[in-house]
Amino acid sequence: MAIKTTMFDLTGKVALVTGGASGLGKAIAAALVTHGAKVLIGSRTQAKVDAAAKELDAIGDETGEDAVAAGVALDVTSDASVDRAVRKAVDLFGGLHIVVNSAGYTVKKPTFDLTPDEFNGLYDTHVTGSLRIAQAAGHVFREQHEGCIINLASLGSYVDLIEAAGYTSAKNAVLGLTRSLASEWAKYGIRTNAIAPGVIVTDLNRAIVEGTDRGRRILEHTPMARFGQADEIAGAAVYLASPAGSFVNGETIAVDGGFLASGIGDSTA
Ligand SMILES: NC(=O)c1ccc[n+]([C@@H]2O[C@H](COP(=O)([O-])OP(=O)(O)OC[C@H]3O[C@@H](n4cnc5c(N)ncnc54)[C@H](OP(=O)(O)O)[C@@H]3O)[C@@H](O)[C@H]2O)c1
């Protein structure tokens, strides 16, 4: 058993975080850097990526490290873009050991109105996008017999999120992909896990949950009676990526204030 101080140490590791310029991805990237990793963050908006990378790089200034974070324009729906991002991580930081699939968005509308293109678009980003990243990084991981894939699942992986059939279907598939990779690629030294966050107010859902009836009902069903903070998701990612999580494979960790554990009962108020 590793000594306590090295359990969560990511020194010498390189991570690629998709969707890493905002919300959960950015908080996870910050936590990985804080624990010693070098991180490349990517999303489609170059200016957003550059600004976030600068902020993350400042964490390295505090610890005396130089160049701990960088950004890349990345669209996970494009094979070429994904390949470029993986190559950039390796070229810039000398390797790749961790990928976090945090790129995503949602569509909330009655399912009668959901178009096949909208449905397929959600699937392409959340599921096929995660597969593209896993495959591109997987080649590097297999070569070095070491790699960690972390997917972002959702409450919607387990329960219906009303009028979000495309998102919910995709997040169910993320669990399937996580289990498939976990069992198939363990022999290459690759561990694949997921995190299922409860509701964290971010750009993805602000308009849907902040001050809305839906938001109130979510809080009512959450034993801790609040939304989470992005930072509260990041610890699970550090755990999964670090020596502390070295025997964890195919698992999805819910970080949700008790939402999924909660059944029917009196109000928590
Ligand atoms: N917030 C929650 O309550 C919650 C709960 C459960 C699960 N999740 C999941 O956690 C992940 C992160 O969500 P978040 O709340 O942090 O949302 P967010 O703040 O909106 O971040 C998601 C990021 O993904 C990027 N993105 C979208 N499509 C992309 C693409 N095709 N290629 C590359 N980047 C793309 C977006 O940036 P660009 O527009 O610049 O590309 C955006 O900054 C998502 O998978 C989401 O489903 C969130």
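Conventions used here
Residues numbered from 1 in each chain as written. Predicted model: local features only at pLDDT ≥ 70, side-chain atom pairs only at ≥ 80, totals over all residues. Helix = DSSP H or I, 4+ residues; strand = E, 2+ residues; numbered from the N terminus. Rg over C-alpha atoms; globule rule 2.2 N^0.38 Å. Buried ≥ 20, exposed ≤ 12 C-beta atoms within 10 Å, placed from the backbone. Contact = placed C-beta atoms within 7 Å. Pairing = 2+ DSSP bridges. Right-handed = clockwise from strand over helix to strand, strands pointing away. Axes fitted to C-alpha atoms, helices over the stretch in contact; angles between N-to-C directions. Parallel < 35°, antiparallel > 145°, perpendicular 65-115°, else oblique. Left-handed = near helix turned anticlockwise from the far one by under 90°. Nonpolar A, V, L, I, M, F, W, Y, C, P; charged D, E, K, R; others polar. Near = placed C-beta within 6 Å. Core = buried A, V, L, I, M, F, W, Y, C linked by C-beta atoms within 7 Å.

> How should the overall build of the protein chain be read in this particular structure?
Across its full length, the protein chain carries eight helices and seven strands. Taking 18 Å as the expected radius of gyration for a compact globule of 269 residues, we find that the protein chain reaches 18 Å, a close match to that expectation. Each principal axis of the C-alpha distribution contributes one length, and for the protein chain these read about 50 × 40 × 40 Å. Expressed as a percentage of its 269 residues, the buried residues of the protein chain come to 45%. Within the protein chain, contacts between residues at least 6 apart in sequence are counted, and of these 74% link residues at least 24 apart.

> So what exactly am I meant to see when it comes to the pairing of strand 5 (residues 147-152) here?
If a strand is regular, its side chains alternate between the two faces of the sheet. With six of six residues buried, strand 5 lies mostly within the body of the structure. Here strand 5 shows no split at all, with Gly147, Ile149 and Asn151 on one side and Cys148, Ile150 and Leu152 on the other all buried. Bridge analysis of strand 4 (residues 98-101) against strand 5 gives four bridges, and the strand direction is parallel. Bridging from a neighbouring strand, Ile98 pairs with Cys148 of strand 5. Handedness of the crossover joining strand 4 and strand 5 through helix 4 (residues 116-144) is recorded here as right-handed. Handedness of the crossover joining strand 5 and strand 6 (residues 190-197) through helix 5 (residues 165-185): right-handed.

> Would you explain the packing of helix 4 against helix 5 in this entry?
Between two packed helices, what matters for the description is the angle formed by their axes and the separation of those axes. Packing of helix 4 against helix 5 leaves a shortest axis separation of 8 Å and a crossing angle of 20 degrees. When the axes of helix 4 and helix 5 are compared, the pair comes out roughly parallel. Our pair here, helix 4 against helix 5, has a crossing hand that is right-handed. Taking contact as the criterion, the partners of Glu118, Phe119, Leu122, Tyr123, His126, Val127, Ser130, Leu131, Ala134 and Gly138 in helix 4 are, on helix 5, Gly166, Tyr167, Ala170, Lys171, Ala173, Val174, Leu177, Leu181 and Trp185. Its residues placed into classes, the contact of helix 4 with helix 5 shows 13 nonpolar, four polar and two charged.

> I'm lost on the site of the ligand in this one. Help?
Neighbouring the ligand are 31 residues; Gly19, Gly23, Arg44, Thr45 and Gly104 lie closest to it. Breaking the shell around the ligand down by element, the ones donating at least two residues are helix 1 (23-34) and helix 4. Considered class by class, the residues forming the shell around the ligand number 11 nonpolar, 16 polar and four charged.

> Honestly, the sheet that holds strand 4 in this entry has me stumped. Any pointers?
In any sheet, the strands associate via hydrogen bonds between backbone groups, in a parallel or an antiparallel arrangement. Taking strand neighbours across the sheet as the criterion, the seven strands line up as 3-2-1-4-5-6-7 in an open arrangement whose pairing is parallel. With one partner strand each, in any of the chains shown, strand 3 (69-73) and strand 7 (252-255) form the two edges of the open sheet. Direction aside, the axes of adjacent strands within the sheet are offset by 20 degrees on average. As defined by bridge partners, strand 5 adjoins strand 6 across six bridges and the pair is classed as parallel. Residue pairing across strands places Gly147 opposite Ile190, the latter belonging to strand 6. Here helix 4 sits on the sheet and contacts strand 1 (14-18), strand 4, strand 5 and strand 6; the angle it forms with strand 4, its principal contact strand, is near 180 degrees.

> Quick question: what am I supposed to make of the nonpolar core here?
The nonpolar side chains of a soluble globular protein tend to be buried, and buried together. Of all hydrophobic cores here, the largest spans 79 residues; its most connected members are Ile28, Leu32, Val39, Ile41 and Ala237. Looking at this core element by element, the count peaks at nine residues for helix 4. If we skip the residues at most four places from it in the chain, Ile41 touches Val17, Gly20, Ala21, Gly25, Ala29, Val49, Ala52, Ala53, Leu56, Ala69 and Gly71.

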